[in-house]
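Working through the structure, step by step
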Amino acid sequence: MKLAVWTYEGPPHVGAMRVATALDGVHFVLHAPQGDTYADLLFTMIERRDHRPPVTYTTFQARDLGTDTAEIFKRAAADAVARFAPDALIVGASCTAELIQDDPGGLTRALGLSIPAIPVELPSYQKKEHWGASETFYQVVRKLAAPADGAGADETRTGKAGTKDAAARRPTCNLLGPTALGFRHRDDVTEITRLLESLGVEVAVVAPLGAKAADIARLPDADFNVVLYPEIAETTAAWLERTWRQPAVRTQPLGVAGTRAFIAEVAALCGLDPEPVLAREGSRLPWWSRSVDSNYLTGKRVFVFGEANRAAAVARVAAHEMGFEVVGVGAYNREFAREIRAVAAELGVEPLLTDDYLEVERTIAALQPELVLGTQMERHIAKRLRIGCAVISSPAHVQDYPARYAPQLGFEGANVLFDTWVHPLAMGLEEHLLAMFREDFEFNDAAGLSHLGAAAPAATAPEPAPLASGTTDPASGGRWTPEAEAELAKIPFFVRGKARRNTEAFATARGLALIELDTLYDARSHYARSH
Amino acid sequence: MSASLALRRPDANAQPPGASGVLRERGQREVFCGLTGIVWLHRKIQDAFFLVVGSRTCAHLIQSAAGVMIFAEPRFATAILEERDLAGMADANAELDRVVGDLLARRPDIRTLFLVGSCPSEVIKLDLSRAAQRLTAQHGPGLRVLSYSGSGIETTFTQGEDACLAALVAECPPEAPDAAPSLLIAGALPDIVEDQFHRLFDALGIGPVAFLPGRRSHALPAIGPQTRVLLAQPFLGDTALRLEDRGARRLAAPFPFGVEGTTAWLEAAALAFGVSPQRFAGAVAPAQQRGRQAVAAHRALLQDRRVFFFPDSQLEPSLARFLHEELGAIPVEVASPYLNRDLVGPELERLPAEVRLVEGQDVERQLDRCRADRPDLAVCGLGLANPLEAQGVATKWSIELVFSPVHGFEQAGDLAALFSRPLARRARLKGLAA
């Protein structure tokens, strides 16, 4: 038994729903009690989908248990096929139905449907949402893109794309991994498709997002696969590699360096010349980052947390393309813990692998970053701690599904990263001027930051409230002399909270009961960092 | 839950309306389970903690229904069952004791702990009432541990509150033998609404008045033959039965939604406490007047508009009555997860005869009817709202009707606004007309 307050991931059947909802013309019959339909609102509200997810819930009740829950399943499946006329049917069980062991796969076979039926096992008491999405995608592809009976991979492969004259046609690839409720998946697909086209590579199938059953069946026709989101696509890509000898490109095209490496890998695989595409200045990020205004970004302390592969890639961009100081990096999904450990070792920080929201909060409070790059959960943490935050990973909320084009991947994605991450920080020149004019009567603390508008929350905000979990004990910091307190008030408001915390921590560590003017400056020199 | 389940009539798929005029349906339900009630109950009972014993799905549901996560550490959580709990490798009771111990160590301020049963805990037959007794013995007397079921196999959405309050009734002390008549208002109300009603009852000279649940879980009202009960919510069938078992007398009335509903509701109390008509009229007139004025501002938008209710909170008959009587709207279909005629009979009497009453749900068939009816406004859950809007049907998300203060005279205008806003918005978006 595990105590959970907020969860980063839903149960595995929600992952299965993300795949089913992304596919076109595929229906999902979920054996589930009343209430599990809540998951529909994730799609219709958070992502603003204008259709219900293609999911039928059997809605069994207590009085059905032990009598006819299997019959309820069969009727729901038959009704769903008759009503929606899907090209394929996914069947599975949610956590409660798993316990009553009705075997949706077997029951569906007994219906003798004329369309492919794909049973998925979703062990709710062991696995979570990403695993469920990955497993469902894999089972769908295995079923719909299986080699003909008796055909070896080589024959089958040469029977498809291999027979054509490679020189006479453009290389083709599939983009694997985008789903419903994915973080910016819609725009990433557009961006990466454009990028590949500029290289001379054609995108044959995008899956699961927007793919029909017939599209899944022609996945093996392409020359290679792009693993856009490893959490969802890696298992499928590995199977296609084994079964259809389809190589996979795994480099994450995140940030300028990542995108360039991605281009180089695709070009090498296809025997294309990457130089024309690389020679174009694809992104504004490099110049924006080198321009003098960005000096103030130097060494900003940043904490990164999210989906493992994304968090790892984001940490590298933060360190090497933005010039931030990454003070911590972590992920909530352990399946890809290796990626997080690798990047943490590279950057010389501690990896944080946990799905305990309170542990993430304690870590952030202790590290005192100036910016948090995380999920919607970290946005809430950062808001409470009054730290700037940008969302870089699922789970995300409705405001992270913008109307505008805002990819994360590719060159345009790099522009978006720069803007999004810099926005919560004070602008460079503005920060400099605030420090210079802080004593000016017209330019005082209450004026706030101009880009936050007239009602800047920072200006009137109280000090951060102590956490319920007890990480900040206001009593532990010692007393301040009026002189030290007055000096503290001269420090610009946006760093004052940090100065107070640092000074109090410094005093506590040295057993000083009273914080004097000198203590403030001693602490400042102690915490001073070389950029 | 046995009581309210026993009240349900046996159903079959889409029985045609019988002599009762009610269409009973069975099929996919697009509703929350009873766990959702925790979202408002934990705000109301300020020293209580709600621990769901369930799965990751339960935790995800509450988080999704709550919509936002504004609290660092809310007074609810889920003890998530894991493989080893189910495989018998760990004694689920020992694990629960450990989790509760950890929780109490971190939250010593908690005075009442609700163990909330879920679909998985019920299917594996984890006995939470025994666990509650054991934990009370272990951690009492400063802490009381209670249990109820919020599972989807037993409860629909607001029935979770019913089950919670029924559990609290069992803890209420008996009335003193010489007790004078008292009034008990059952149903979680926002503090501001509770205070408004308190002032109205004071003005009527009715007292003592207690509210269930109160803001503090240990201040439970005494119950007995002198207790008169007014239900503030129509979904409290089980709670009402438990109160009646304790000798209390329930006052039948429409529910306090809108000016007319609130007036009739207060009148039932006035009648039981022998308040003169003159005193009643004098005490409620100012608030009634304010309420009528506020509601009237929305009448132009809702007059003759056809409204279709998907089943959700059991508030549907009361809200349809309000829209019909006070705003001139035409209820086309009024569906409710469960129609408890004992409680909502006075509401149903006031609906137009031609309204289609539905109990239960088969969401696909209901959507077919909705498409055929082409209503001006559909009241539905969050999962259906955007898909219906995309088909050209204006919608009101029903969850707001249980999350916001909507009871009483002072909120009558706000309640009307919840229904008129989607229509007003459509009227404003002229620039988007095709």
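Residues numbered from 1 in each chain as written. Chains lettered and ligands numbered in written order. Predicted model: local features only at pLDDT ≥ 70, side-chain atom pairs only at ≥ 80, totals over all residues. Heavy atoms only, no water.

Concerning the pairing of strand S13 (residues 377-380) of chain B
All names here are of chain B. Every second residue of S13 is oriented toward a common face, with Leu-377 and Val-379 on one face and Ala-378 and Cys-380 on the other, all of them buried. The pairing of strand S10 (residues 306-309) with S13 spans 3 bridges and is parallel. Looking at S13, one finds that Phe-309 is bridged to Val-379. Pairing analysis gives 4 bridges linking S13 to strand S14 (residues 394-397), with the strands arranged parallel. By the bridge assignment for S14, Cys-380 is matched with Trp-397. Traced from S13 through helix H17 (residues 382-390) to S14, the parallel crossover comes out right-handed. (Buried < 20%, exposed > 50% of the residue type's maximum accessible area, 1.4 Å probe, protein only. Helix = DSSP H or I, 4+ residues; strand = E, 2+ residues; numbered from the N terminus. Pairing = 2+ DSSP bridges. Right-handed = clockwise from strand over helix to strand, strands pointing away.)

Thoughts on the domain arrangement of chain B
All names here are of chain B. Entries for chain B in the domain assignment read domain 1 (34-154), domain 2 (182-291) and domain 3 (294-433). Listed by partner, the interface residues are 32 residues for domain 2 and 27 residues for domain 3. Roughly 2,400 Å² is buried in total at the junction of domain 2 and domain 3, and carbon and sulfur atoms are behind 64% of that figure. On the surface where domain 2 and domain 3 come into contact, there are 1 salt bridge. The residue Arg-290 makes a salt bridge to Glu-410 at a minimum N-O spacing of 2.6 Å. The interface formed by domain 2 and domain 3 includes 13 residue pairs in polar contact (both at pLDDT 80 or more). Elements supplying a minimum of two residues to the side of domain 2 that touches domain 3: helix H9 (191-204), helix H11 (258-272) and helix H12 (277-296). If you tally residues by element for the side of domain 2 that touches domain 3, the top one is H11, at 8 residues. Its residues assigned to classes, the side of domain 2 that touches domain 3 comprises 20 nonpolar, 9 polar and 3 charged. (Domains from an automatic or database assignment. Contact = heavy atoms within 4.5 Å. Buried area = accessible area lost by both parts, 1.4 Å probe. Salt bridge = Lys/Arg side-chain N within 4 Å of Asp/Glu carboxyl O. Polar contact = N/O pair within 3.5 Å; in protein donor to acceptor, adjacent residues only side chain to side chain. Nonpolar A, V, L, I, M, F, W, Y, C, P; charged D, E, K, R; others polar.)

Some details on the nonpolar core
In terms of nonpolar packing, the biggest core is built from 177 residues, with Ile-216 of chain A together with Phe-50, Phe-114, Tyr-148, Ile-185, Phe-201 and Leu-230 of chain B touching the most fellow members. Filtering out sequence-adjacent residues up to four positions away, Phe-50 of chain B remains in contact with Ile-38, Leu-41, His-42, Ile-45, Arg-75, Phe-76, Ala-77, Phe-114, Val-116, Tyr-148 and Cys-164 of chain B. Residues Val-266, Val-326, Leu-373 and Val-422 of chain A belong to the second largest nonpolar core, which totals 61 residues. (Core = buried A, V, L, I, M, F, W, Y, C linked by side-chain atoms within 4.5 Å.)

Here we look at the interface of chain B and chain A
Contact with chain B, which involves 67 residues of that partner, is made by 61 residues of chain A. Buried surface at the junction of chain B and chain A, summed over both partners, amounts to about 5,600 Å²; 58% is from carbon and sulfur atoms. Inspection of the chain B/chain A interface yields 4 salt bridges. Linking Arg-26 of chain B and Asp-64 of chain A is a salt bridge whose minimum nitrogen-to-oxygen distance equals 2.5 Å.

Notes on the pattern of salt bridges
Summed over the entire model, instances satisfying the criterion amount to 45 salt bridges over all chains. A cluster of three or more residues bridged by salt bridges with shared partners is formed by Glu-25, Glu-333, Arg-356, Arg-369 and Asp-373 of chain B.

Section: the sheet that holds strand S3 (residues 76-80) of chain B
Taken in spatial order, the 5 strands of this open sheet run S1(A)-S3(B)-S2(B)-S4(B)-S5(B), and their pairing is mixed. One side of each edge strand has no neighbouring strand; the edge strands of this open sheet are strand S1 (2-4) of chain A together with strand S5 (144-149) of chain B. For this sheet, the mean inter-axis angle between neighbouring strands, taken without regard to orientation, is 25 degrees. Strand direction decides the pairing type here: strand S4 (residues 112-117) of chain B and S5 of chain B, joined by 6 bridges, are parallel. Bridged to Phe-114 of chain B within S5 of chain B is Leu-146 of chain B. Along the sheet face, helix H7 (residues 128-139) of chain B touches strand S2 (48-54), S4 and S5 of chain B and points at about 175 degrees away from the line of S5 of chain B. With respect to the sheet, helix H8 (residues 159-169) of chain B is in contact with S2, S4 and S5 of chain B, its orientation differing from that of S5 of chain B by roughly 140 degrees. (Axes fitted to C-alpha atoms, helices over the stretch in contact; angles between N-to-C directions.)

Quick word on the pairing of strand S6 (residues 172-176) of chain A
All names here are of chain A. The element S6 is largely enclosed, with a buried count of 5 among its 5 residues. Burial along S6 is two-sided: the face carrying Thr-172, Asn-174 and Leu-176 and the face carrying Cys-173 and Leu-175 are both buried. As paired strands, S6 and strand S7 (residues 202-207) are joined by 5 bridges and run parallel to one another. Directly across from Leu-176, in S7, lies its bridge partner Ala-207. You can see the chain leave S6, run along helix H8 (residues 185-199) and come back into S7, and the turn it takes is right-handed.

Things to note about a negative patch on the surface
Together, Glu-483, Glu-516, Asp-518 and Asp-522 of chain A make up a region of like negative charge exposed at the surface. By secondary structure assignment, the location of Glu-483 of chain A is in helix H21 (residues 482-490). (Patch = residues over 30% accessible without salt bridge, like charges linked within 9 Å, V, L, I, M, F, W, Y side chains within 5 Å. Areas by Shrake-Rupley, 256 points an atom, 1.4 Å probe, with all protein chains shown as cover. Lys, Arg positive; Asp, Glu negative; His and termini not counted. Charge placed at Lys NZ, Arg CZ, Asp CG, Glu CD.)

Concerning the environment of His-60 of chain B
Following the sequence through the fold, His-60 of chain B ends up in helix H3 (residues 56-66). The class for His-60 of chain B is buried, based on a relative accessible area of 7%. In sequence terms His-60 of chain B and Thr-78 of chain B are 18 residues apart; their C-alpha atoms lie 9.4 Å from each other. Discounting chain neighbours no more than four positions away, the residues touching His-60 of chain B are Thr-7, Glu-9, Gly-10, Pro-11, Val-14, Tyr-38, Leu-42 and Glu-129 of chain A. At 2.8 Å, the side chain of His-60 of chain B and the side chain of Tyr-38 of chain A are in polar contact.

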